[in-house]
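Chain by chain, the residues run as shown.
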Amino acid sequence: MIRARWFALLTIVLGMVAIAFAQDPVSKTLEAKVTYNGAGEVDSTHAIHIYLFDTPDISSGAMPIGWNSSYKNGAAVTMSGISASTVYLVVAYGDYDVTTGPPPSGTPVSFYLPGNPYPTPIEMDKAKVEIAFEFDDSAKMP
């Protein structure tokens, strides 16, 4: 009888621990230092916009899991609360509102690593992952 109660108690405790871990994913931070080397200036009206995806299938219907903007060229931009183990980064330059949808046609854009024709995975294998890269006007939104 005592053995059965201990087993039942142990089962309940282990179940509660499993639920707690399932509901509290480890959130991570990505710090991206992005430099725009195109024709325009990064200033109070022309920003570097950073979009974060949890899938490499970044098409017109894909929704970013986060975004942020920098109004200073080469500044580090932090994105927190990331629970995905792998993320994909797209950057754009311009004077548009990131909350209204994808960058407009003709906007300079780049995947993280510029020149790579496919989204490059960023492994979120640490609490804070830091990346740095540059992009220019060589690729634009269709």
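About the criteria used
- Residues numbered from 1 in each chain as written.
- Predicted model: local features only at pLDDT ≥ 70, side-chain atom pairs only at ≥ 80, totals over all residues.
- Heavy atoms only, no water.
- Phe/Tyr/Trp six-rings, centres within 6.5 Å; stacked < 30°, edge-to-face > 60°.
- Helix = DSSP H or I, 4+ residues; strand = E, 2+ residues; numbered from the N terminus.
- Buried < 20%, exposed > 50% of the residue type's maximum accessible area, 1.4 Å probe, protein only.
- Pairing = 2+ DSSP bridges.
- Axes fitted to C-alpha atoms, helices over the stretch in contact; angles between N-to-C directions.
- Core = buried A, V, L, I, M, F, W, Y, C linked by side-chain atoms within 4.5 Å.
- Contact = heavy atoms within 4.5 Å.

Participant: How should I be thinking about the packing of aromatic side chains in this particular structure?
Facilitator: Each aromatic ring pair is summarised here by two numbers: the centre-to-centre distance and the angle between the ring planes. The full count for this structure, using the stated rule, is three aromatic pairs. Aromatic side chains Tyr-36 and Tyr-93 sit 4.0 Å apart centroid to centroid with 10 degrees between the ring planes, which places their arrangement in the stacked category. Of the two residues, Tyr-36 sits in strand S1 (residues 28–36) while Tyr-93 sits in strand S5 (residues 86–94), which places them 57 residues apart along the sequence. Overall, Tyr-93 belongs to the buried group, its relative accessible area being 8%. Between the aromatic rings of Tyr-36 and Phe-135, the centroid separation amounts to 5.2 Å while the plane-to-plane angle is 50 degrees, which identifies the pairing as tilted. In this pair, Tyr-36 sits in strand S1 while Phe-135 sits in strand S8 (residues 128–135), placing the two residues 99 residues apart along the sequence. Residue classification places Tyr-36 among the buried positions, given a relative accessible area of 4%. Joined through ring pairs, the aromatic side chains of Tyr-36, Tyr-93 and Phe-135 make up one cluster.

Participant: Can you walk me through the sheet that holds S8 in this structure?
Facilitator: The strands making up a sheet are joined through hydrogen bonds of the backbone, oriented either antiparallel or parallel. In spatial order, the strands read S4-S1-S8; together these three strands make up an open sheet with mixed pairing. Looking at the sheet topology across the chains shown, the edges are occupied by strand S4 (76–82) and S8. Strand-to-strand, the axes of this sheet are offset by a mean angle of 20 degrees, without reference to chain direction. The pairing of S1 with S4 spans five bridges and is classified as antiparallel. Its bridge partner lying in S4, Lys-28 is registered against Ile-82.

Participant: Looking at this structure, I do not really get the nonpolar core. What am I missing?
Facilitator: Across soluble globular proteins, nonpolar side chains have a tendency to be buried as a group. Formed by 23 residues in total, the largest nonpolar core has its most connected members in Leu-30, Leu-89, Ile-122 and Ile-131. When contributions to this core are tallied by element, the ones reaching two or more residues are S1, strand S2 (47–53), S4, S5 and S8. Sequence-distant contacts of Leu-30, defined by excluding residues within four places in its chain, comprise Leu-52, Val-77, Thr-78, Met-79, Ile-82, Val-87, Leu-89, Ile-122, Met-124, Val-129 and Ile-131. One finds Val-90, Ala-92, Tyr-96 and Val-98 within the second-largest nonpolar core, a separate group that totals nine residues.

Participant: Sorry, what's going on with the pairing of S8 here?
Facilitator: Looking along a regular strand, one sees the side chains alternate between the two faces of the sheet. Taking every second residue as pointing to the same face, the buried face of S8 carries Val-129, Ile-131, Phe-133 and Phe-135, while none of Lys-128, Glu-130, Ala-132 and Glu-134 on the other face is buried. Where S1 lies against S8, eight bridges are found, and the strand directions are parallel. The partner of Tyr-36 across the bridge, within S8, is Phe-135.

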